[in-house]
Amino acid sequence: LPVKESKIYCIDDNFEQLNEAELFAIFEYFQQDDFEIDANLGAYLASLKSGDFSPEVWRLQPRFNVEELKKRFINLFALDGRVSKAIRRMHRLGIIEHILPEFEKSVRIRSERPTDPYTVGKHLMEAVANLDDIRNAEIKTLHEIYLQIADPSTLYFALLMHDFDKPGKNHAITGAQKIERIAAPLGFNLMQMEEIAFL
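Residues numbered from 1 in each chain as written. Predicted model: local features only at pLDDT ≥ 70, side-chain atom pairs only at ≥ 80, totals over all residues. Heavy atoms only, no water.

## A few points about the overall build of the chain
Scanning the chain from terminus to terminus reveals 11 helices and three strands. Seen in sequence order, the chain has helices and strands lined up from the N terminus as β-β-α-β-α-α-α-α-α-α-α-α-α-α. The C-alpha radius of gyration computed for the chain amounts to 17 Å, which stays within 12% of the reference 16 Å derived for 199 residues, consistent with globular compactness. Projected onto the principal axes, the alpha-carbon positions of the chain cover approximately 50 × 45 × 40 Å. Burial status across the chain gives 45% buried among its 199 residues. Across the chain, every contact between residues at least 6 apart in sequence was considered, and the portion connecting residues at least 24 apart equals 65%. On the chain, roughly 10600 Å² of surface is accessible, and the fraction owed to carbon and sulfur atoms is 52%. Side-chain charges of the chain comprise 24 positive and 32 negative groups, with the mean position of each set lying 5 Å from the other. (Helix = DSSP H or I, 4+ residues; strand = E, 2+ residues; numbered from the N terminus. Rg over C-alpha atoms; globule rule 2.2 N^0.38 Å. Buried < 20%, exposed > 50% of the residue type's maximum accessible area, 1.4 Å probe, protein only. Contact = heavy atoms within 4.5 Å. Areas by Shrake-Rupley, 256 points an atom, 1.4 Å probe, with all protein chains shown as cover. Lys, Arg positive; Asp, Glu negative; His and termini not counted. Charge placed at Lys NZ, Arg CZ, Asp CG, Glu CD.)

## A few points about the environment of Ala129
Note on placement: Ala129 falls in helix H7 (residues 120–135). The spatial distance from the C-alpha of Ala129 to the C-alpha of Tyr156 is 9.7 Å, given a sequence separation of 27 residues. Setting aside chain neighbours within four positions, we find Ala129 in contact with Arg82, Ser84 and Arg88.

## Here we look at the packing of H7 against helix H8 (residues 140–147)
One can describe the packing of H7 onto H8 by two numbers: an axis separation of 7 Å at closest approach and a directional angle of 110°. Relative to H8, the element H7 is oriented roughly perpendicular. Each of Leu131, Ile134 and Arg135 in H7 lies in contact with H8, whose residues at this interface are Leu142, His143 and Tyr146. Taken together, the residues of the contact of H7 with H8 sort by class into four nonpolar, one polar and one charged. (Axes fitted to C-alpha atoms, helices over the stretch in contact; angles between N-to-C directions. Parallel < 35°, antiparallel > 145°, perpendicular 65-115°, else oblique. Nonpolar A, V, L, I, M, F, W, Y, C, P; charged D, E, K, R; others polar.)

## Notes on the sheet that holds strand E1 (residues 3–4)
Strands belonging to one sheet form pairs held by backbone hydrogen bonds; the direction of such a pair is parallel or antiparallel. Read from one edge of the open sheet, three strands run E1-E2-E3, paired in mixed fashion. Looking along the sheet, the strands with just one partner apiece sit at the ends: E1 and strand E3 (36–37). Of the strand pairs in this sheet, E1 and strand E2 (residues 7–8) are connected by two bridges, and their pairing is antiparallel. Counted as the bridge partner of Val3 is Ile8 from E2. (Pairing = 2+ DSSP bridges.)

## Focus: the pattern of salt bridges
One pass over the structure, following the stated rule, counts eight salt bridges. The partner of Arg72 in a salt bridge is Glu68, with the nearest N and O atoms 3.2 Å apart. Remark: Glu68 and Arg72 occur in helix H3 (residues 66–73); sequence separation between them is four residues, near one turn of the helix. The exposure class assigned to Arg72 is partly exposed, which follows from its relative accessible area of 25%. For Glu68, a relative accessible area of 30% corresponds to the partly exposed category. (Salt bridge = Lys/Arg side-chain N within 4 Å of Asp/Glu carboxyl O.)

## Some thoughts on the packing of aromatic side chains
Enumeration over the complete set of coordinates arrives at six aromatic pairs. For the pair Phe73 and Phe77, a centre-to-centre distance of 5.4 Å together with 80° between the ring planes defines the contact as edge-to-face. Measuring from centroid to centroid gives 6.4 Å for Phe77 and Phe157, while their planes differ by 55°, and the two rings are tilted. Of the two residues, Phe77 sits in the loop between H3 and helix H4 (83–92) while Phe157 sits in helix H9 (residues 152–161), which places them 80 residues apart along the sequence. On the basis of relative accessible area, Phe77 is assigned to the buried category, the value being 1%. A network of ring pairs unites the aromatic residues Phe73, Phe77, Tyr156, Phe157 and Phe188 as a single cluster. Cation over ring: Lys85 sits above Phe30, and NZ or CZ is 3.7 Å from the ring centre. (Phe/Tyr/Trp six-rings, centres within 6.5 Å; stacked < 30°, edge-to-face > 60°. Lys NZ or Arg CZ within 6 Å of the ring centre and 35° of its normal.)

The structure is reproduced here in structure tokens:
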């Protein structure tokens, strides 16, 4: 996966040679270095999109080990750059539906507030973008506040999933009850999952 003219591409378009580590390297480069994704590589990744979020029909499964991808996913939260940028691109290319189908379903759910311009999923991505803004803020006070966070990955994931169980007026409670089942395969430990559920 070299870079040419600020675009990540696959040598000789040899996509079948990509493994789980290289697939995630694409989004790590994209997040940290602001590189774009070559059109051919982007088309290949988009071709893996199933459009159906039930595990039985995941087209990514035969090609990549989804459990391995889930474990790599939370590494994005610890990297520099803009996490929201990587998540948005993973959504557009259909990669995140294999890792977090619960999040991907939320992209289709309209907000219960008629004046809200976002779906629930887009609202979740905006929340992550706001945390990116604080982390990368040139205003010293904001950045210093961010540096006091002991475990940014917990906060990032809680923001990404805080409304995923909408609609429903009890979505905060039902979402907190479901979060351990979702977070454990990603590699979060018990203490982290308790904090995510609390948030």
